[in-house]
Amino acid sequence: MRLEAGGTDGLGRWVAVLLVIVGASSYGLLSSFIKLAYERGFNDGHITPAQMTLGTLLVWLLVAFHKPSWKNPFRGPWIKLGLIGIFGLALTTIFYNIALAELNASLSIVLLFQFTWMTILMDCIATKRWPRKAELAAITLILIGTLLAVNLVEADWSQFSVRGLVFGLLAGFTYSLFLFLTGQVRSDLPPLMKSAVMLTAAIPVLFVLYPPTVFVGAGSGELLLWGLLLGLLGQVVPTISFNIGIPRIGSALAAMLGSVELPVAVLAAFLIVHEPVNGWQWLGMVCILGGIIISENKS
C-alpha cells in the first residue's frame, strides 16, 4: 500500500481518515488531562518537562522498533529541524501549559486555535501577497467565533487572567510558527525520525527552564505516570496517526479533519473537568470550524 494521497482503495482511505481524526482527538483530550494533573497538585513546572521528556522517549522507542526510520539524522537539515523543535514544539508546550494553569481548558484551546489565521498571515508575509478573499473571510469568521467562544456576551472579565490570555495567544503563535517552518524545511528523513530530532533538540532548552530535579522529588512516581499519559496523548498517538493518515488523504483534507480537535477539547472539558459551556460558546466553535474549512479554499 503506497503512502500517497489518493493512492489507496476506498477502505484504506477511510482508515486514513479515521486515523487523522484519532490523532486530532488525542490532542483535544490533552488539555483536560493536564487540568486533572494540576488538580492533583502538580504545576506547569512539573507537567511540562514530564510530558515532553516521556513523549520524546516514547517517540524514540517507536523509531527503535520501526526499521524504515533508521536513518542518519545528521545527513539532512538537522539544525533547522532542531530549531523548529525548540521554537515550535517546546515553546508551544510551555506556553500552552502555562495558559492551562491560568485559564479553563475550553478557553485555552480557543486561544491556541488562533494559529489558523496567524499561519495565513505568516504565509502572506513570506510570499509578499495580500490574503485571498477566502482567507480574509476565514480570518473574520475565526475572530468572530473567538469572541463568542470566550463568552464575550456573558463573561465576567474580572475572572480572566491576563497572563493566561497572553500565554494562550503566544502558544497559538509558536504553533503557527511550527506549522509554517515545517512546511519550509525539506528533509528526506522518515517522519518518525524527524519528529524525534525535533523533540530531542527541545529537551536541553526545556531543562534550562524546568530543571529535571522534578523527577526525583516527592510524588515523582505519579508525575512519571502523568508524563507517560500526556506524552502518549500529545506526542505518540498524533505522531503515529498523522504519519500514516496524512500521506494517504492529503494535507488539505487532513487540515479540515484536524479541526475536530477543537470540539473534542471543549466537549472533554465539559465532561471530564466539568467546565460550563453555553450556547454562545458552541456557536463560536462552529464559526471557528467554519473559518478553518473556508481557509482551505485555494481560489
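Because the structure is a prediction, the values reported are computed rather than measured.

Novice: Please clarify how the packing of aromatic side chains should be interpreted in this entry.
Specialist: Aromatic rings in a pair are described by how distant their centres are and how their planes are angled relative to each other. Evaluation of the coordinates by the stated rule reveals five aromatic pairs. When the ring of Phe74 is compared with that of Trp78, the centres are 5.1 Å apart and the planes differ by 85°; the resulting orientation is edge-to-face. Ring centres of Phe113 and Phe115 lie 5.3 Å apart, and the angle between their planes is 55°; this geometry places the pair in the tilted category. Judged by its relative accessible area of 13%, Phe115 falls in the buried class. One aromatic cluster is present, built from ring pairs that chain together Phe113, Phe115, Tyr175 and Phe178.

Novice: Can you help me understand the nonpolar core in this one?
Specialist: Where a protein is soluble and globular, its nonpolar side chains tend to be buried together. In terms of nonpolar packing, the biggest core is built from 62 residues, with Ile47, Ile109 and Leu262 touching the most fellow members. Among residues more than four places away in sequence, those in contact with Leu262 are Ile109, Val110, Phe113, Met285, Ile288 and Leu289. Membership of the second largest hydrophobic core comes to six residues, among which are Ala16, Val20, Ala254 and Leu257.

Novice: So what exactly am I meant to see when it comes to the side chain of Gln51 here?
Specialist: Along the chain, Gln51 falls in helix H2 (residues 44-65). On the basis of relative accessible area, Gln51 is assigned to the buried category, the value being 3%. Polar side-chain contacts of Gln51 include one of 3.4 Å to the side chain of Asn97. Those residues in contact with Gln51 that lie beyond four places of it in its chain are Leu30, Ile34, Thr93, Asn97, Gly227, Leu230, Gly231 and Gln235.

Novice: Please clarify how the pattern of salt bridges should be interpreted in this entry.
Specialist: Pairing of side chains with opposite charge becomes possible as their charged atoms draw close. The final tally for this structure, using the stated rule, is five salt bridges. Here Asp123 makes a salt bridge to Arg129, at a shortest N to O gap of 2.6 Å. On the basis of relative accessible area, Asp123 is assigned to the partly exposed category, the value being 26%. On the basis of relative accessibility, which here comes to 25%, the residue Arg129 falls in the partly exposed class.

Novice: What's the story with helix H3 (residues 78-102) in this structure? I'm lost.
Specialist: The periodicity of an α-helix, 3.6 residues per turn, causes residues three or four places apart in sequence to face the same way. Its 25 residues place the ends of H3 35 Å apart at the C-alpha level, agreeing with the 36 Å of an ideal helix rising 1.5 Å per residue. Along H3, the largest kink reaches about 30° and is centred on Leu91. Taken across its 25 residues, H3 has 18 buried, putting it largely inside the fold.

Calculation criteria
Residues numbered from 1 in each chain as written. Predicted model: local features only at pLDDT ≥ 70, side-chain atom pairs only at ≥ 80, totals over all residues. Heavy atoms only, no water. Phe/Tyr/Trp six-rings, centres within 6.5 Å; stacked < 30°, edge-to-face > 60°. Buried < 20%, exposed > 50% of the residue type's maximum accessible area, 1.4 Å probe, protein only. Core = buried A, V, L, I, M, F, W, Y, C linked by side-chain atoms within 4.5 Å. Contact = heavy atoms within 4.5 Å. Helix = DSSP H or I, 4+ residues; strand = E, 2+ residues; numbered from the N terminus. Polar contact = N/O pair within 3.5 Å; in protein donor to acceptor, adjacent residues only side chain to side chain. Salt bridge = Lys/Arg side-chain N within 4 Å of Asp/Glu carboxyl O. Expected span 1.5 Å × (residues − 1). Bend = angle between axes of the 7 residues up to and from the residue.

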